[in-house]
Amino acid sequence: MNFKIILGLLALMTLIFTVFYFDFYQNNKNKQYSCENCNVIIVAFDAMQSSHVGTYGYPINTTPNLDDFASNSILFKNAISPAPWTVPTYISWFTSMYPSEHRVVNKFSVYDPPITIVANLRNLTPTAVTLAEIMKQNGYTTVGFTGDAGARGVQGNSIGFDIYVDTPAGFNGFDSSIPLAIDWLKNNSEKKFFMFIHGYDSHGQYNLKNFTKRFVDFNYTGRFNGTIQEQAQLREEGLANGVVNLTVDDVRFWRAWYDEKINDADARFGNFINELKKEGLLNKTIIIVASDHGTEFYEHNRLDHGHTLYQELIHVPLVVWAPNFNGVKIAASQVSTLDMMPTIFDLLNMPVNETVETQMKGQSLISAMKGENVSRDVYSETDYRLFTHKRAIITADGWKFVLTLAEAPGTKNVKELYNLNLDPTEKNNLINSELRIAYELEQKLLKHLMEMKTSIEGPWIIGCSAVYADQCT
Amino acid sequence: MNNRIIFVACLIFVLLILVFEKPNYKCANCNIILISVDSVRYDHLGINGYSRNTTPNIDNFARDSIFFPNYITQAYLTPISEASIHTSRYPSSNGFVGFIYYLDPQSTKLEDVLKYYGYNNYAFVGSGNFFGDGTFVNQFSPSYKVYRRTYESDGFPLNISELKNFTKEKFFLWISIGNIHWPYGVPNAPQKYVDMFVDKNYSGLFKNQTLDGEVVPRIKGWDITSNDRQYIIDNYDSGLKYSDDYIGELLQGLKENDLIKNTIIVIQSEHGEELGDHGRFTHNDIWENTIHTFLIINNPALKDSKTILTQAQGIDIMPTILDMVDIPIPESAQGKSLISLSLISLIFGKADLDFNKYAFTERIPYPSFFPDIINTRGENAIPIKVVYDVLSRYNQTDALQDLKNTNNSFYEHISVRTNDWKLIERPYQRINDVSQLIYTYSKKCEEENKTYCIYPNFFVRVQNYSSYQLFNLKNDPNEQNDLYGRNLSIETELIRILNQWKESRDSSGVQYIFNSSVFVNYTFN
């Protein structure tokens, strides 16, 4: 190349670079948000499908309080959970690691020789550092009020918490956890705190003390009464047979049952937010509201959750309130709930060491909160009760590839491909027609598995790993 | 302060980019031709210094392309090596370890990937292994629009006149040339080739014989005169010349049809050949002359030709092709893109680089050459029983014990090679070369009282190899002088590398599934 041309180009590039660099730097400096020493609360509505939430487009007014809260906060339209059930997900929230990495993938992990002890993060991945641990190291008091079951402390959820309540045993809702939280707040108002509040209100095994049927807006004459026993039976039937047989009315009825639970949970949540307001905490607390997963209501011929990676199970509500944050109302980018942890650190301007940086697979959502498009490929997985082993990728532009490694003895490597933009309900498997996209996504997924230090080789055990008390006997 | 450093670094980076023009080797939507020439010994190419002008066309093409003279295959048998190339996986990783095995479906094939990206795949096969013997054809042909063989004896699978049919659409052509493969001498080719190198006055052992695997010393090496050996070599060279001329015509035809400018052409040989180097002929082991062949890569986007002395492996071909046409390489690929690895060489002219310092090859037993352990559980399975009988008859109790010891797994010979050294691991050495050939020819041979009969109708040869063999390829390229036990530091290092590779081979998903209904009728189009 001609020397003069090189020199000229060089000079030009220097000029351009300088201008952009200083401009960018200055802009960024002014816009850096910080809520140092703010409190942090994570509120988990367990098992709540985003499509049953008013502000996500549900035509029925199930969540007026959450909707109101969201209207003053930042709503994430496309948040995806790394797993479709509880046991792996809160651990993922608290470590920003995928289930295959933190290895708490079932209530009872497969140990050798087989022993029945509850899986524990400390045993399975001793090097993992949790959100609560880091908050505590930074002078926060860490408290958790949960509904037990999959949020149980012994699994590793309680690591780093000064107080972690997961009693009484069972599936308890906000009616258990929120009063304790409010009580604690009243007595500890001077402390800088990180709080995890969790309720199983929407879950299929949460017992509605009084089923008012207020959302059953038609004359239901079907066979169900809306009990947790019926729900459990349908769940197990679905797993055993691959489908359950429900009429349109049955599904409508069960959704109404779900709506009532959600509505109750929402009321309790509303109450909690009011208490925060009363205590003057709203302006010095970051609040993140999310679900760990959704619930299937026959979208793919079954009920409950954990057993597939369809959107009804992994598309979850995510709302972020950060005091004085100058951002958008709605963030449309596809994100993962793994992003919660790095986002909290970023909002607090809390530095973390390199080990934690490397550990966290999520990304800070601050730029998304400012309106930037940060859509990226996200991943989700399940090994639910050893009934199934699935891994999925959803690309930033809405293609979803699901690999079922094993689901029954003899089933291996079943593949699905969906165009979520054209087929959001995932009815049309394009695996045999979109060969190029299927290939590219499969390779990305395999690469992701390799990065998590797993492979598709397995062995993929199909068996029984209990979650509920009456299983695997 | 930090920011200033970043700023300066960026400036330097920009400068570097401007000064060194990175070669743009991407040729997305280029057509692809893969030519697999069977049985080419590297040292019989003119460009490698062979005394005869056997390969002027290959030589010229190599000089105009990226040439890898130290190309090493991962298997010594045609379809096994070819399957390894198309899947970019070692045979032990893709399951296709013998003629009649099943390929692991997780081993993604080159032709399938190309199909996803709109390539039209055509296969023209001239090697018998790709259309007759075994399950290669059933497992690979579905990926092609057309999978065609030649029926002419010593014919070529694609006529030059057909090239004009390929100018309309994006294509992947796989052309397999099988004419060099034994029987040596291309007797049905035009006479000038038959006569080309042979001594007209030869009147030895092989005169008027078809030089196939039953006639030439194959598994057994027996003594033949140097004239006899030369006669075989002369016939071999005929086949080489004949195939080289065809390749020349093919390249010319591509030029005339204006296909050169947008077609990537890869030429390789899936194994070499023994020509009496260990008293034997054909290809049955992982000796240097059987696994060291040649690789030429011609990419229209890369105008500068180059010879790269670093080793290339057969498993690198698929990643290299996909890299050049800008298609993502599957995770299952075990090889790497040679172009990416060679970029520094292509820019700066340095020819000897750091990748592929070690090349690996496998010799896994399969029926009719070795006892197939997995498939011969139970007393009634043919190969093992026969072998047991023979070993007992010859009082080979140690070998018999070894055979029993291998009952639950394959045994294999594997090698690690650098440009200077070759280490071969030979476990169960006492049953090396135990082989069983069922040939009715042997009966006929007996009747005719020939001296070189394989008698009785199976042959046992129990060799006393040590567990490893070490050869200095610089001084002893024909591997005549086993140095194992006399180079401790080299041996230790190579054994360590070999063991490391053995551990890392990804084969847990593979089942060596053996299809005993071998000769499946396949209808050709």
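Calculation rules
Residues numbered from 1 in each chain as written. Chains lettered and ligands numbered in written order. Predicted model: local features only at pLDDT ≥ 70, side-chain atom pairs only at ≥ 80, totals over all residues. Helix = DSSP H or I, 4+ residues; strand = E, 2+ residues; numbered from the N terminus. Rg over C-alpha atoms; globule rule 2.2 N^0.38 Å. Buried ≥ 20, exposed ≤ 12 C-beta atoms within 10 Å, placed from the backbone. Contact = placed C-beta atoms within 7 Å. Core = buried A, V, L, I, M, F, W, Y, C linked by C-beta atoms within 7 Å. Pairing = 2+ DSSP bridges. Axes fitted to C-alpha atoms, helices over the stretch in contact; angles between N-to-C directions. Parallel < 35°, antiparallel > 145°, perpendicular 65-115°, else oblique. Nonpolar A, V, L, I, M, F, W, Y, C, P; charged D, E, K, R; others polar. Expected span 1.5 Å × (residues − 1). pLDDT = per-residue confidence, 0-100.

Draft legend 1. Structural detail: the overall build of chain A. In terms of regular secondary structure, chain A is built from 14 helices and 14 strands. For 473 residues, the compact-globule formula gives about 23 Å, and the C-alpha radius of gyration of chain A, at 23 Å, lands near that figure. The principal-axis extents of the C-alpha atoms in chain A amount to approximately 85 × 60 × 50 Å. The proportion of buried residues among the 473 residues of chain A is 48%. Contacts in chain A between residues far apart in sequence, at least 24 positions, make up 69% of those at least 6 positions apart.

Draft legend 2. Focus on the overall build of chain B. Looking only at helices and strands, chain B features 15 helices and 17 strands. In chain B, buried positions account for 46% of the 525 residues. Look at the contacts in chain B between residues 6 or more apart in sequence, and 73% of them connect residues 24 or more apart.

Draft legend 3. Just the nonpolar core, in detail. In this structure, V43, I197, I286 and F401 of chain A are the most contacted members of the largest nonpolar core, which totals 123 residues. Counting residues per element, this core draws most heavily on helix α9 (residues 248-278) of chain A, which supplies 11 residues. The contacts of I286 of chain A, once residues within four sequence positions are left out, are C35, C38, V40, W321, A322, I344 and L347 of chain A. Counting residues in hydrophobic clusters, the runner-up holds 113 residues, among them I33, L34, I72 and A189 of chain B.

Draft legend 4. Representation of the sheet that holds strand β12 (residues 359-363) of chain B within the structure. Residue and element names in this part refer to chain B. Strand order across the open sheet formed by four strands is β12-β13-β14-β17, with antiparallel pairing between neighbours. Pairing within the sheet leaves two strands with one partner each, and these edge strands are β12 and β17 (468-472). Taken pair by pair, the neighbouring strands of this sheet meet at an average axis angle of 15 degrees, ignoring direction. Pairing between strand β13 (residues 413-417) and strand β14 (residues 421-425): four bridges, direction antiparallel. Note that in β14 the partner of R417 across the bridge is K422. Its contacts with the sheet put helix α15 (residues 488-504) on β12, β13, β14 and β17, and the angle it makes with β14 is roughly 60 degrees.

Draft legend 5. Molecular detail of the pairing of strand β6 (residues 285-290) of chain A. All names here are of chain A. By the criterion of burial, β6 is predominantly enclosed, with five of the six residues buried. Both β6 and strand β9 (residues 315-321) contribute to a ladder of four bridges, which runs antiparallel. Pairing of V289 across the sheet is with V319, part of β9.

Draft legend 6. Here's a closer look at the sheet that holds β6 of chain A. All names here are of chain A. In space, the eight strands of this open sheet follow the order β4-β3-β5-β1-β6-β9-β2-β10, with mixed pairing throughout. Strands at the two margins of the open sheet, each flanked by one partner only, are β4 (163-165) and β10 (330-336). Within this sheet the neighbouring strands show an average axis-to-axis angle of 15 degrees, counted without direction. Seen against the sheet, helix α7 (residues 174-187) touches β3 (141-145), β4 and β5 (193-199) and runs at an angle of roughly 160 degrees to β5.

Draft legend 7. Representation of the packing of α7 of chain A against α9 of chain A in the model. All names here are of chain A. Relative orientation of the contacting elements α7 and α9 amounts to 5 degrees, with a least axis distance of 10 Å. On the basis of their axis angle, the class for α7 and α9 is roughly parallel. Where α7 abuts α9, its residues F174, D175, I178, A181, I182 and L185 lie against A265, R268, F269, N271, F272 and E275. Its residues placed into classes, the contact of α7 with α9 shows eight nonpolar, one polar and three charged.

Draft legend 8. Expanded view of α7 of chain A. Here α7 of chain A contains 14 residues, and its C-alpha end-to-end distance of 19 Å stays within 8% of the 20 Å for a straight helix at 1.5 Å per residue. Inspection of α7 of chain A places F174, S176, S177, I178, A181 and L185 of chain A among the buried residues, and these make up the whole buried set.

Draft legend 9. Spatial organisation of the confidence of the model for chain B. Residue and element names in this part refer to chain B. On average, residues of chain B score 82 in pLDDT, and 74% of them are at 70 or above. Confidence over residues 450-462 falls short of pLDDT 50; this stretch has 37 contacts with residues more than four positions distant or in other chains. Counting interchain partners and residues more than four positions distant, the pLDDT-below-50 stretch residues 516-521 has three contacts. Here the prediction assigns the complex a pTM of 0.85, and the interface score ipTM is 0.79.

Draft legend 10. How the structure looks around helix α14 (residues 435-451) of chain A. Taking 1.5 Å as the rise per residue, α14 of chain A with 17 residues should run 24 Å; its terminal C-alpha atoms sit 24 Å apart, in good agreement. Along α14 of chain A, the positions that sit buried rather than exposed are Y439, E440, L441, E442, Q443, L445, L446, H448 and L449 of chain A. In this structure, the buried side of α14 of chain A is in contact with β11 (378-382), β12 (389-394), β13 (399-406) and β14 (414-419) of chain A together with α5 (110-116) of chain B.

Draft legend 11. Molecular detail of the environment of K422 of chain B. Residue and element names in this part refer to chain B. By the element assignment, K422 lies in strand β14. On a C-alpha basis, the gap between K422 and W287 in space is 9.2 Å, while along the polypeptide they are 135 residues apart. Ignoring any residue separated from it by four or fewer positions in sequence, one finds K422 in contact with E288, S415, R417, F471, L473 and E479.

Draft legend 12. Molecular detail of unusual backbone geometry. Residue T167 of chain A is joined to P168 of chain A through a cis peptide bond whose omega torsion reads -5 degrees. The step from W182 of chain B to P183 of chain B runs through a cis peptide bond, and the omega angle for that step is 5 degrees. By secondary structure assignment, the location of P183 of chain B is in the loop between β5 (171-177) and α7 (191-195). The phi dihedral of V186 of chain B falls on the positive side, at around 35 degrees, and the residue is not glycine. By the secondary structure assignment, V186 of chain B is in the loop between β5 and α7. Looking at V186 of chain B, the number of C-beta atoms within 10 Å reads 22, which means it is buried. At T282 of chain B, a residue that is not glycine, the phi angle is positive and equals roughly 65 degrees. Locating T282 of chain B in the fold gives a position in strand β8 (residues 281-282).

Draft legend 13. Geometry of the packing of helix α2 (residues 64-71) of chain A against α9 of chain A. All names here are of chain A. Running from N to C, α2 and α9 point in directions that differ by 45 degrees, and their axes come no closer than 7 Å. The angle between α2 and α9 falls in the class oblique. Contacts between α2 and α9 involve P64, N65, L66 and F69 on the former and, on the latter, D266, A267, F269, G270 and I273. Among the residues making up the contact of α2 with α9, the classes are represented as six nonpolar, two polar and one charged.

Draft legend 14. A look at the environment of H307 of chain A. Residue and element names in this part refer to chain A. As for its placement among the helices and strands, H307 is situated in the loop between β8 (303-304) and α10 (311-314). By C-beta crowding, H307 is classed as buried, having 24 other C-beta atoms within 10 Å. Setting aside anything within four residues of it in sequence, one finds H307 in contact with L239, R302, Y384, F387 and T388.

Draft legend 15. Local environment of the environment of S176 of chain A. Residue and element names in this part refer to chain A. The residue S176 is located in helix α7 in this model. With 24 C-beta atoms packed within 10 Å, S176 lands in the buried category. As for S176 and Q359, which are separated by 183 residues in sequence, their C-alpha atoms are 33 Å apart.

Draft legend 16. Region of the structure containing the pairing of β11 of chain A. Residues and elements named next belong to chain A. Counting buried positions along β11 gives five out of five residues, so the element sits mostly inside the fold. For β11 and β12, the ladder comprises five bridges, and the chain directions are antiparallel. Directly across from Y379, in β12, lies its bridge partner I393. In sequence, β11 turns back onto β12 through a hairpin of six residues, with R385 there showing a positive phi of about 50 degrees.

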